[in-house]
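Structural characterization, general
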Amino acid sequence: MSTTEASLDDDAVLLVGHGSRREKSNEQVRTLAAKLEAALELPVDVAFLELAEPSISAAIEGLAPTCERLTVVPLSLFGASHVKSDIPVAVQTARAEHDGLTIQYGSHLGVHPSLVALLDERVGAVESSLGVDRETDDVAVVVCARGSSDPDSNADVHKLTRLLYEGRDLDRVEASFIGVTTPKLDDTLHSIAKERPDGIAVVPYMLGDGKLTQRIVETTREFDESYPYVDAGAGDPLGTDDRVVDVLADRFQAARADSVEMSCDTCKYKVELSGYEEDRGGARAMLRSLVHQAEHEDREDLDDDPHVHDAPAKHVAVCTNQTCAESGAARVIEGLRNAARDADCDARVTRSSCLGQCGDGPMVAVYPDGIWYGGVTTDDTGRIVSSHLRRDRIVSDLVHQTL
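In short, a report on the structure.

Cut-off values and rules
- Residues numbered from 1 in each chain as written.
- Predicted model: local features only at pLDDT ≥ 70, side-chain atom pairs only at ≥ 80, totals over all residues.
- Heavy atoms only, no water.
- Helix = DSSP H or I, 4+ residues; strand = E, 2+ residues; numbered from the N terminus.
- Buried < 20%, exposed > 50% of the residue type's maximum accessible area, 1.4 Å probe, protein only.
- Areas by Shrake-Rupley, 256 points an atom, 1.4 Å probe, with all protein chains shown as cover.
- Core = buried A, V, L, I, M, F, W, Y, C linked by side-chain atoms within 4.5 Å.
- Contact = heavy atoms within 4.5 Å.
- Phe/Tyr/Trp six-rings, centres within 6.5 Å; stacked < 30°, edge-to-face > 60°.
- Lys NZ or Arg CZ within 6 Å of the ring centre and 35° of its normal.
- Pairing = 2+ DSSP bridges.
- Axes fitted to C-alpha atoms, helices over the stretch in contact; angles between N-to-C directions.
- Salt bridge = Lys/Arg side-chain N within 4 Å of Asp/Glu carboxyl O.

**Some words on the overall build of the protein**
- Secondary structure assignment for the protein yields 13 helices and 13 strands.
- Residue burial in the protein is summarised as follows: out of 403 residues, 49% are buried.
- As presented, the protein carries roughly 19400 Å² of accessible surface, and 45% of it is formed by carbon and sulfur atoms.

**A closer look at the nonpolar core**
- In this structure, Val141 and Tyr205 are the most contacted members of the largest nonpolar core, which totals 46 residues.
- Excluding residues that lie within four positions of it along the chain, Val141 makes contacts with Val123, Leu164, Leu170, Arg172, Val173, Glu174, Ala201 and Val203.
- Counting 27 residues, the second-largest nonpolar core is a separate cluster that includes Val316, Val366, Leu389 and Val395.

**A short note on the packing of aromatic side chains**
- Under the criterion given, the structure shown has three aromatic pairs.
- Seen in terms of ring centroids, Phe223 and Tyr227 are 4.7 Å apart; in terms of plane orientation they differ by 25 degrees. Their pairing is stacked.
- Judged by its relative accessible area of 2%, Phe223 is buried.
- Judged by its relative accessible area of 18%, Tyr227 falls in the buried class.
- When the centroid spacing of 5.6 Å and the interplanar angle of 75 degrees are considered together, the rings of Tyr227 and Tyr229 count as edge-to-face.
- When its relative accessible area of 41% is taken as the criterion, Tyr229 is described as partly exposed.
- Among the aromatic residues, those joined into a cluster by ring pairs are Phe223, Tyr227 and Tyr229.
- Lying over the aromatic face of Tyr229, Arg196 brings its terminal NZ or CZ to 3.9 Å of the ring centre.

**Re the sheet that holds strand E7 (residues 199–204)**
- Taken in spatial order, the four strands make up an open sheet running E6-E5-E7-E8, and their pairing is parallel. Unpaired on one side and paired on the other, strand E6 (172–177) and strand E8 (231–234) mark the two borders of the sheet. Within this sheet the neighbouring strands show an average axis-to-axis angle of 20 degrees, counted without direction.
- Judged from the four bridges that link them, E7 and E8 form a sheet pairing that is parallel. Its bridge partner lying in E8, Ala201 is registered against Gly233.
- Across the sheet, helix H6 (residues 151–165) is in contact with strand E5 (139–145) and E6; its angle to E6 comes to roughly 160 degrees.
- Packed on one face of the sheet, helix H8 (residues 211–226) meets E5, E7 and E8 and runs near 170 degrees to E8.

**Notes on the environment of Ser353**
- Among the structural elements, Ser353 can be located in the loop between strand E10 (347–352) and strand E11 (364–367).
- The exposed category is assigned to Ser353, whose relative accessible area is 56%.
- Sequence separation between Ser353 and Thr320 is 33 residues, and the spatial gap between their C-alpha atoms is 6.0 Å.

**Comments concerning unusual backbone geometry**
- Residues Thr182 and Pro183 are joined by a peptide bond in cis, for which omega reads 0 degrees.
- With respect to the helices and strands, Pro183 occurs in the loop between E6 and helix H7 (185–193).
- Residue Tyr367 is joined to Pro368 through a cis peptide bond whose omega torsion reads 15 degrees.
- Structurally, Pro368 is set in the loop between E11 and strand E12 (371–373).
- Of note in this structure, Val180 is not a glycine but carries a positive phi near 70 degrees.

**Comments concerning the pattern of salt bridges**
- Applying the stated criterion to the full structure yields 20 salt bridges.
- For the salt bridge of Asp392 with Lys314, the shortest nitrogen-to-oxygen distance reads 2.6 Å. Of the two residues, Asp392 sits in the loop between helix H13 (378–391) and strand E13 (399–402) while Lys314 sits in strand E9 (residues 314–319), which places them 78 residues apart along the sequence.
- Overall, Lys314 belongs to the buried group, its relative accessible area being 5%.
- What emerges from the salt-bridge pattern is a single network uniting Asp120, Glu127, Arg134 and Arg168.

Okay, structure coming up:
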């Protein structure tokens, strides 16, 4: 047995998924872990950031007596806050608690040739279902990702999309998002429709067939029914395809060789990006991760505990502190709730404590968009619902600030 083989006998891997109320999603993480274990011929355990057991700390606690070196690999498509802040906090905490254990941290899946090839295969399947062929027909493709508040993560979606376009006979390939940022899928589809391609293939850039993937499928179906002169169809998510496992194996090998490189030049936690000045790292990023960790420490009775990732499409917070209350905040809340209910809008309107803008209220904050409206009256509530909550069109004359 070689020296390298001998050292690997003391290795283990921890694959960290997000965690879901849907056991089907959690089982997918376990399936990928089993495939990765077979590929690496090393023990691979699973942990979850939240909503499922075990937690990262509990998983490491169980693995610590069994190995000398542990490699933590995040099962994340892109490098946003979970990858940059939450998991590193858990890893660093574990390092302090387990002196005899070497813990290495791998990178996320990211942009990888194997994933581009998998996406191309998903596009081909949609082409077949629509009866179009890129070699003879004009085929447009939309790669639809979740969307993030991290510009670095969103930029990688565009890079992935460009790589899918290069060297293939596709008429057009666009990046789009189902939430948080723009361009939204519905807007992208309507824009492409103006050019009247023979077919539009929408590929969800998701790991599993969860709520967001289903929203992508439904949005595509509704568009297809509304535009009879353009055929559109949605493909399958990445799932547990062997190419996902191949990328995870690459990420393990890079971490094992201490050659992990993060994209720090465009990370809002490391450098001051225009529009994201308040998101710089250090203590601010650490505090956010610690708060997030504390909020999800209890993983029992999940059905009785509302969770941020189960939130509606929009969360509207209305300041009810003294000055906003005196300016009619209660009437604004009632107006927003009535308008949202009448419009069958996927939004939740709640009271908020002081938003720190006393004298400019009533203040209304719309999340996850980070848009704050000031001086809102009951006459404005209908516009906020019909324009912003329903169509993602900001009511510009009411904007107080964006976060």
